[in-house]
Every structure is written in C-alpha cells, then in structure tokens.
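So the chains spell out like this:
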Number of protein chains: 2
Amino acid sequence: MSLILLPNLLDEGSDIDLYFPKNLKNIILSLEGLIAESEKNARRYLLRFIDWQKLQRLQIKLLNEHSKEDEILELLKLIENKKIGLISDAGLPCIADPGSKLVKLARAKNIKIEAYPGPSSIFLALMQSGLNAQKFAFQGYLPRKEEELIEKIKYLEKESFQNKITQIFIEAPYRSDKMLNLLLKILKGDVLLSLAINLTSKDEKVITKKVYEFKKLKVVIGKNPSVFLLEA
Amino acid sequence: MSLILLPNLLDEGSDIDLYFPKNLKNIILSLEGLIAESEKNARRYLLRFIDWQKLQRLQIKLLNEHSKEDEILELLKLIENKKIGLISDAGLPCIADPGSKLVKLARAKNIKIEAYPGPSSIFLALMQSGLNAQKFAFQGYLPRKEEELIEKIKYLEKESFQNKITQIFIEAPYRSDKMLNLLLKILKGDVLLSLAINLTSKDEKVITKKVYEFKKLKVVIGKNPSVFLLEA
C-alpha cells in the first residue's frame, strides 16, 4: 500500500525532539510494519514512540547489505499490501544505504512513497563546515588499498579545484585517524579540510582549517563517527 | 556568541509538525536575532513560532546573493555578541545558498555553530527517487547557454555511468520544461531519470523512469519547483 521513509538518529543518546519531526510519532503509530537494518535496531527505534505491547503487533523485516534480490522482492510484496516504514541504522534511509534498491522496485510498481526529514550526517557536516555548498559530491567510502586511495584523494582534490565542488566522504571508524593523517600528508597546504566528529552528540566537534593549519592541531579522532570534507 | 542553522519549509502550506523538529520553537524563542534572505520571509518564518510582540524585539538582518563582503562582516560582529539564527528561503541554510560564506567566517573566529535538520529538496528527492544514493553529486544550476548546457548534460551522463554516481541538479521554474525536454532529447534511452515536483506539498509528484519510457508520459512541469536526477 505504501512505503514511508523515516529518519533515524545519528547518535543513540540525542534528543528526538531536537532531531525528529513532531508528528513522527503519529506516523509510526499508523504503520503496520517496519523494515530496518537489524531487528535490535528496529525495536529500539519503535520503543521511542510506542509501548512493548503495540510493538509485538508490528511486523519487523530486514534490509541490509546482506539482503538478496529475492528477499527484496518479498519486502516489495509486503508493501504492496500494507503501510510499512523504512529506517536506516543512522540518519536517512536510502542515503548511502541499501534502501534505495527497495524504493526503486516500489517506484516501478507505482507504490505510494512518502519521506520525512531528520538528521543527515552529510548535510549537518556540510552546513556546519562553512565549505562551499553550491555544488558538492558525496563519494561514500573511498578505496581501501593505500595506492588506490592516494590516487583517489589526488583526483578529488583536483576535481574540487576545477569544478568548484566540495567533496564529502566517510570512513570506517577504526580507519579514521589513518585517513586523516593521509589527507594531511597528501593534500596541498591551502586546501580547506573539514572534519565533523560525533555529530548531534554532546561531544560534537567540527573543525575547518586549511591543511597547513590543521597539521598543527594534532587532532585524534579515535573510533568516533566522522565525516570528511574538502574544498580545493 | 552563536550561530544557529535552522530549517525552513519547502512549501509555504506544508505542516510544520511533519517537517520541523518538535523543539524548534524553543530554539527560536531563545534567539536574539534572525538572518534571512528577505525580511518578509524572516517575519513569516518567525510568526509560525512566536507572536507579533515578541517578533518586534528580534533583530532581522539580511544575507542573500546581493550581500557584499563588508555586510557579511557586519553580520559576523552581530553573532560574536548574540545568539542568532540563520534560515534559507526554502530548505536548509548553506545548502545551495550564500549562508556558507557566513559560516566559513564564523568558523574561523571559533564562534559556536549549531545545526538542526529539516526538509531538504535534494535529499527528499534522492530518497524517493529510488536512484543509487551510495554516491551522488549536487550540481546546483547547470549552464544557461544551450550549447554549454548540452555539453554539460552529456558530461554528467558520462560521469554518472563511469563513477556510478547519481547526478542531481535544479533549474529556475520558468525553464524547467525546457530542461526536461532537452534531457529527454539528449540522454540515452536507458538512462534512469527522476523528477521530483512540488516536494512536501499536497501536489507532490515523483516520477522515475528510463528516458525512453519518460518520453511517452508527456510530463508538463509548469512553474512548479522541481529537482532533476539522473543515473546512467
């Protein structure tokens, strides 16, 4: 019947009244099921809005990077008959997450789709960075192999300069410091680098500096979720 | 003292409880001033949350595409002393709007910056399109001159195919139908094109089809705000 794209938090501990639309609770009360990346995550999400008893009556289904084509087709059958929500583990569904595969199939079947806003690490980082946001590209994860990664960073720097575009990318938390150090080593000194750490949490930190200034700060990210942005 | 980046609606008539965080009202009550693209827009925004009397006590300042460097520096002085909000005419500040110039200067002065989520036409279009959102680029407005525009569209199509990236762009409403017709003429038949019209309004419409299928629909956008997306 319909697929409802719902926001999730970026940080477990943050205040839903600061980051979710006021009427999200009513939308969730009207759902007949929820598709999430994990069952634990789905329950935690729902319990912010509804009680345990109501939760038992809601179908929970999974969609994540392990989902196979036929499992996605099963989900499609579900939303053909019911009003189902879709959430991501963090932030907005579909953005840098496998949800878009389901939306694509649902669109082709003319299933009604609705979307509501909420925190996006990409946009919260971009807005707060001060970097040019007239044009920007979200590159997802960069290559893992160091040689390819170095090539990619150089390419992104060049493209940013030529097309006046801000480059945005992410990295697995345990590799964030390695990424930062590589960026500081490779990028030209006057490139603007912005780092957004722990967005929406009480430890939120956004640093925007030219590379040569950034080097002096000796920033350590640790395993905190972060977004990288650069403008050459 | 601080700069607070606040969401605006995409459509005047849409329900703030569906698109704004619940606590936005409290944040706005705590402001000492608001920076907006026009005074009329600022007043209309504030009156959604506060009464006329309270409004009189709030400073309203302008930041738009006509703002000169020294005017932006004046705004910076204001936020060094007070808690000031920043809004865009529609959607999120800084994203495809001159707000990022102010944020950049504020960052350099270590002024505290906070950001809250709300509707973004770019993300609402991308989420609902079903197009790949693992990587995407927002290109802003494309060139005006037809010859350059055709070159650009061909370049974006090629880059989308090569880098598996979804291209997102906007157009002035009165040129939207011209843009759509040009896209249908130039793009290869199997490119996925998505068009999001009147997002968040009661007339919201999202169409995602391969170019050859799109041609049969004879879509007319008129002067309705729209976002274009393509995946080759």
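Residues numbered from 1 in each chain as written. Chains lettered and ligands numbered in written order. Predicted model: local features only at pLDDT ≥ 70, side-chain atom pairs only at ≥ 80, totals over all residues. Heavy atoms only, no water.

Draft legend 1. Representation of the interface of chain B and chain A. Taken together, the contact pairs 56 residues of chain B with 56 residues of chain A. Taking both sides of the interface into account, the surface hidden between chain B and chain A amounts to around 4600 Å²; carbon and sulfur atoms contribute 59%. Where chain B packs against chain A, one counts 0 salt bridges. Where the side of chain B that touches chain A is concerned, the elements lending two or more residues are helix 1 (16–19), helix 6 (99–108), strand 5 (112–115), helix 7 (121–129), strand 6 (136–141), helix 8 (146–163) and strand 9 (205–210) of chain B. (Contact = heavy atoms within 4.5 Å. Buried area = accessible area lost by both parts, 1.4 Å probe. Salt bridge = Lys/Arg side-chain N within 4 Å of Asp/Glu carboxyl O. Helix = DSSP H or I, 4+ residues; strand = E, 2+ residues; numbered from the N terminus.)

Draft legend 2. Main features of the sheet that holds strand 4 (residues 83–86) of chain B. What the 5 strands build is an open sheet, ordered 3-2-4-1-5 (chain B); its pairing is parallel. At either margin of the open sheet sits one strand with a lone partner, and together these are strand 3 (59–62) and strand 5 of chain B. Averaged over all neighbouring strand pairs, the angle between strand axes comes to 25°, with direction disregarded. As paired elements, strand 2 (residues 33–36) of chain B and strand 4 of chain B share 3 bridges and run parallel to each other. For B:L34, the partnering residue across the bridge sits in strand 4 of chain B and is B:G85. Sitting on the sheet, helix 7 (residues 121–129) of chain A touches strand 1 (2–5) and strand 5 of chain B, and the angle it makes with strand 5 of chain B is about 150°. Packed onto the sheet, helix 5 (residues 69–81) of chain B meets strand 1, strand 2, strand 3 and strand 4 of chain B and runs at close to 150° relative to strand 3 of chain B. (Pairing = 2+ DSSP bridges. Axes fitted to C-alpha atoms, helices over the stretch in contact; angles between N-to-C directions.)

Draft legend 3. Representation of the relation of the copies chain B and chain A within the structure. The transformation that overlays chain B on chain A combines an axial shift of 0.0 Å with a rotation of 180°, and the residual RMSD is 0.0 Å. Given the turn and translation reported, the copies of this chain are related as if by a two-fold rotation axis. The share of interface residues of chain B whose copies in chain A are also at the interface is 100%, consistent with both copies meeting through the same surface. (Least-squares fit on C-alpha atoms with pLDDT ≥ 70 in both.)

Draft legend 4. Focus on helix 5 of chain B. Residue and element names in this part refer to chain B. The terminal C-alpha atoms of helix 5 lie 19 Å apart, and with 13 residues this matches the ideal 18 Å at 1.5 Å per residue to within 8%. Of the residues making up helix 5, those classed as buried are I72, L75, L76, L78 and I79. Axial view of helix 5: buried residues confined to an arc of 160°, hence all on one face. Those residues of helix 5 that are exposed and angled more than 90 degrees off the buried face are D70 and N81. Lining the buried residues of helix 5 we find strand 1, strand 2, strand 3, strand 4 and helix 6. (Expected span 1.5 Å × (residues − 1). Buried < 20%, exposed > 50% of the residue type's maximum accessible area, 1.4 Å probe, protein only. Arc of directions from axis to C-beta.)

Draft legend 5. Region of the structure containing the sheet that holds strand 10 (residues 226–231) of chain B. Here 10 strands make up an open sheet; going across it, the order is 9(A)-8(A)-10(A)-7(A)-6(A)-6(B)-7(B)-10(B)-8(B)-9(B) and the pairing mixed. Whereas interior strands pair on both sides, the edge strands pair on one side only; in this sheet they are strand 9 (205–210) of chain A together with strand 9 of chain B. Across the sheet, the mean angle from the axis of one strand to that of its neighbour is 15°, orientation sign disregarded. Sheet topology places strand 8 (residues 192–197) of chain B next to strand 9 of chain B; 6 bridges connect them, and they run antiparallel. Looking at the pairing, B:I197 lines up with B:K205 of strand 9 of chain B.

Draft legend 6. Fine view of the pattern of salt bridges. Tallied over the full model, the rule gives 14 salt bridges over all chains. The salt bridge partner of B:K77 is B:E74, with a shortest N-O separation of 3.5 Å. With B:K77 and B:E74 both in helix 5, this residue pair falls 3 residues apart, about one helical turn. Here B:E171 and B:R175 are joined by a salt bridge, their closest N and O atoms 3.4 Å apart. Considered together, B:E171 and B:R175 belong to a single accessibility category, that of buried residues. Several salt bridges share partner residues, and in doing so they unite A:E12, A:R44 and A:R48 into one network.

Draft legend 7. Looking closely at the side chain of A:S2. Residues and elements named next belong to chain A. Inspection of the secondary structure assignment puts S2 in strand 1 (residues 2–5). We classify S2 as buried; its relative accessible area is 7%. If we ignore the near neighbours within four places in the chain, the residues touching S2 are I79, K82, K83, I84, I111 and K112.

Draft legend 8. The arrangement of the domain arrangement of chain A in detail. All names here are of chain A. The domain architecture assigned to chain A consists of domain 1 (2–115) and domain 2 (121–231). Taken together, the contacts link 6 residues of domain 1 with 7 residues of domain 2. Contact between domain 1 and domain 2 buries roughly 510 Å² in total, counting both sides, with carbon and sulfur atoms accounting for 74%. Summed over the shared surface of domain 1 and domain 2, the result is 0 salt bridges. The tally of links from domain 1 across to domain 2 stands at 0 residue pairs in polar contact (both at pLDDT 80 or more). For the side of domain 1 that touches domain 2, the residue count by class is 4 nonpolar, 1 polar and 1 charged. (Domains from an automatic or database assignment. Polar contact = N/O pair within 3.5 Å; in protein donor to acceptor, adjacent residues only side chain to side chain. Nonpolar A, V, L, I, M, F, W, Y, C, P; charged D, E, K, R; others polar.)

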